[in-house]
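Chain and residue survey
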Amino acid sequence: MRLTANRRTWGFGLCFLYLRNVNSFNRNYKRVYRIYCELELNLRIKPKKRLKRPKPDELAVPDASNRTWSMDFMADQLADGRSFRTLNVLDDFNREGLGIEVDFSLPAMRVVRSLNQIIEWRGKPATIRVDNGPEYIGGLLIE
């Protein structure tokens, strides 16, 4: 009783190990647990608190073409098991596909080259919307 009063956060397991190892209390753990429960020392299991996350802001719809582009990678697999990736660039105003680059490997230099070709053809957009994928972390795409 004194042990649980001094250490309120200890459950049965810690109390039993303390009694056995520190106090050399040689009793069966089932007997100790029965007494522990009869004295109503068992702790209630606290449910985890759910975090309230704010809803994300809705995406702003551009008012003219060539203002905002979206860019994303997709992956698929051929019948023989080889996987390939596609880079898709879309205009958010009219949902027009500006470019699709398909290959087994799309390194950052290739992505920059295809973006430069699209910019040369359509002009530079105000913003390019991307997700937080590892493809966009490289220093080449930031420039």
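Scroll up for the structure.
Residues numbered from 1 in each chain as written. Predicted model: local features only at pLDDT ≥ 70, side-chain atom pairs only at ≥ 80, totals over all residues. Heavy atoms only, no water.

So, the overall build of the protein chain
Across its full length, the protein chain carries 5 helices and 4 strands. Residues counted as buried form 24% of the 143 residues belonging to the protein chain. Long-range contacts, defined here as pairs at least 24 residues apart, represent 44% of the contacts in the protein chain between residues at least 6 apart. (Helix = DSSP H or I, 4+ residues; strand = E, 2+ residues; numbered from the N terminus. Buried < 20%, exposed > 50% of the residue type's maximum accessible area, 1.4 Å probe, protein only. Contact = heavy atoms within 4.5 Å.)

Side note on the sheet that holds strand E2 (residues 83-91)
Taken together, the 4 strands give an open sheet; going across it, the order is E3-E2-E1-E4, and neighbouring strands pair in mixed fashion. The sheet is open, and its two borders are formed by strand E3 (96-103) and strand E4 (127-129), each paired with just one other strand. The average undirected angle you get between the axes of adjacent strands in this sheet is 20°. Bridging between strand E1 (residues 68-77) and E2 involves 9 bridges; their strand directions are antiparallel. Directly across from aspartate 72, in E2, lies its bridge partner asparagine 88. Set on the sheet, helix H4 (residues 108-122) makes contact with E1, E2, E3 and E4; between it and E3 the angle comes to about 155°. (Pairing = 2+ DSSP bridges. Axes fitted to C-alpha atoms, helices over the stretch in contact; angles between N-to-C directions.)

Considerations on unusual backbone geometry
Notably, asparagine 66 is not glycine yet its phi reads approximately 65°, a positive angle. Mapping asparagine 66 onto the fold places it in the loop between helix H3 (29-38) and E1. Although it is not a glycine, arginine 95 sits at a positive phi angle of roughly 55°. Topologically, arginine 95 is positioned in the loop between E2 and E3. On the basis of relative accessible area, arginine 95 is assigned to the exposed category, the value being 62%.

Things to note about the pattern of salt bridges
According to the stated counting rule, one finds 8 salt bridges in the structure shown. Note that aspartate 91 and arginine 122 form a salt bridge whose closest N and O atoms lie 3.1 Å from each other. Of this pair, aspartate 91 sits in strand E2 while arginine 122 sits in helix H4, and the two are 31 residues apart along the sequence. Residues aspartate 91 and arginine 122 agree in their burial class; the two are buried. The residue aspartate 92 makes a salt bridge to arginine 95 at a minimum N-O spacing of 3.7 Å. Look at the salt bridges and you will find they share partners, linking Asp91, Glu96 and Arg122 into a network. (Salt bridge = Lys/Arg side-chain N within 4 Å of Asp/Glu carboxyl O.)

Purely spatial values, then, with no claim about function.
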